[in-house]
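Listed below are the residues making up each chain.
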Amino acid sequence: KHLVGLLLVVFVRKDIYKFVLDIDKASIGCGTGGVGNKGAVAIRFNLFGSSFCFVNAHLAAHRENNSQRNSDYHRIISKMQFRYSPFTSNAEKTSQRAARVLDHDYIFFLGDLNFRLNLNDEKLWMVYSNISRKEWGNLIKYDQLNAAREEGACFTDFE
């Protein structure tokens, strides 16, 4: 797969690097044919008995593409696979199913998620006014990501 512009680098302190096990990477495209600049890259590893997964995603753009963003998210969560499973030791890897994002103890999902405020351009003055007064609560109620989570459309496994 060829994903344009998606990069994920995870740094680990030198003194604990020797305890990082089962490092693996994965990627998945969400654009037409699985190529382009929409999709995700990820890195997973085990450290001190816990599994970690870092996902950098670039979801569908534009305010009106909210359902496509939710679909991209579900594709990443359900289809991205790693060779190494957080459930097994090195010797057992080949006999276990591939690990997915939600199989890990700690998940960091980040990137250009492209969720917007669900307001049309005529309400742009309200956005600027609330920002200048630092009245974030007036804007949060229009946040597409919060609405999608409340509706159970995406990110329901995250806090």
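Just above sits the structure.
Residues numbered from 1 in each chain as written. Predicted model: local features only at pLDDT ≥ 70, side-chain atom pairs only at ≥ 80, totals over all residues. Heavy atoms only, no water.

S.K.: Where do I start with the sheet that holds strand E1 (residues 20-29) in this structure?
M.R.: Think of a sheet as strands paired side by side through backbone hydrogen bonds, with each pair either parallel or antiparallel. Spatially, four strands are ordered E1-E2-E3-E4 in an open sheet, and the strand pairing comes out mixed. Every interior strand has two partners, whereas the edge strands, E1 and strand E4 (106-112), have only one. Taking each pair of neighbouring strands and ignoring which way they run, the sheet shows an average axis angle of 15 degrees. Where E1 meets strand E2 (residues 39-47), eight bridges bridge the pair, whose relative direction is antiparallel. Looking across to E2, one finds that Lys25 is bridged to Ile43. (Pairing = 2+ DSSP bridges. Helix = DSSP H or I, 4+ residues; strand = E, 2+ residues; numbered from the N terminus. Axes fitted to C-alpha atoms, helices over the stretch in contact; angles between N-to-C directions.)

S.K.: Where do I start with a nonpolar patch on the surface in this structure?
M.R.: Where nonpolar side chains cluster on the molecular surface, the patch consists of Leu124, Tyr128, Ile131, Trp136 and Ile140 and spans about 520 Å² of accessible area. A total of three residues in the nonpolar patch trace back to one element, the largest contributor, which is helix H3 (residues 124-132). Structurally, Trp136 is set in the loop between H3 and helix H4 (137-140). (Patch = residues over 30% accessible without salt bridge, like charges linked within 9 Å, V, L, I, M, F, W, Y side chains within 5 Å. Areas by Shrake-Rupley, 256 points an atom, 1.4 Å probe, with all protein chains shown as cover. Salt bridge = Lys/Arg side-chain N within 4 Å of Asp/Glu carboxyl O.)

S.K.: Looking at this model, I keep getting lost on the pairing of strand E3 (residues 50-58). Mind explaining?
M.R.: Working note: regular strand, side chains alternate between the two faces of the sheet. Most of E3 sits out of view: nine of its nine residues are buried. Going residue by residue along E3, you find Ser50, Phe52, Phe54, Asn56 and His58 tucked away on one face and Ser51, Cys53, Val55 and Ala57 tucked away on the opposite face as well. Bridge count for E2 against E3 is nine bridges, and the pairing is antiparallel. In the strand pairing of E3, Phe45 is matched with Phe52. The hairpin turn running from E2 into E3, its antiparallel successor, is two residues long, and Phe48 in that turn takes a positive phi close to 50 degrees. Strand direction decides the pairing type here: E3 and E4, joined by seven bridges, are parallel. Note that in E4 the partner of Phe52 across the bridge is Tyr106. (Buried < 20%, exposed > 50% of the residue type's maximum accessible area, 1.4 Å probe, protein only.)

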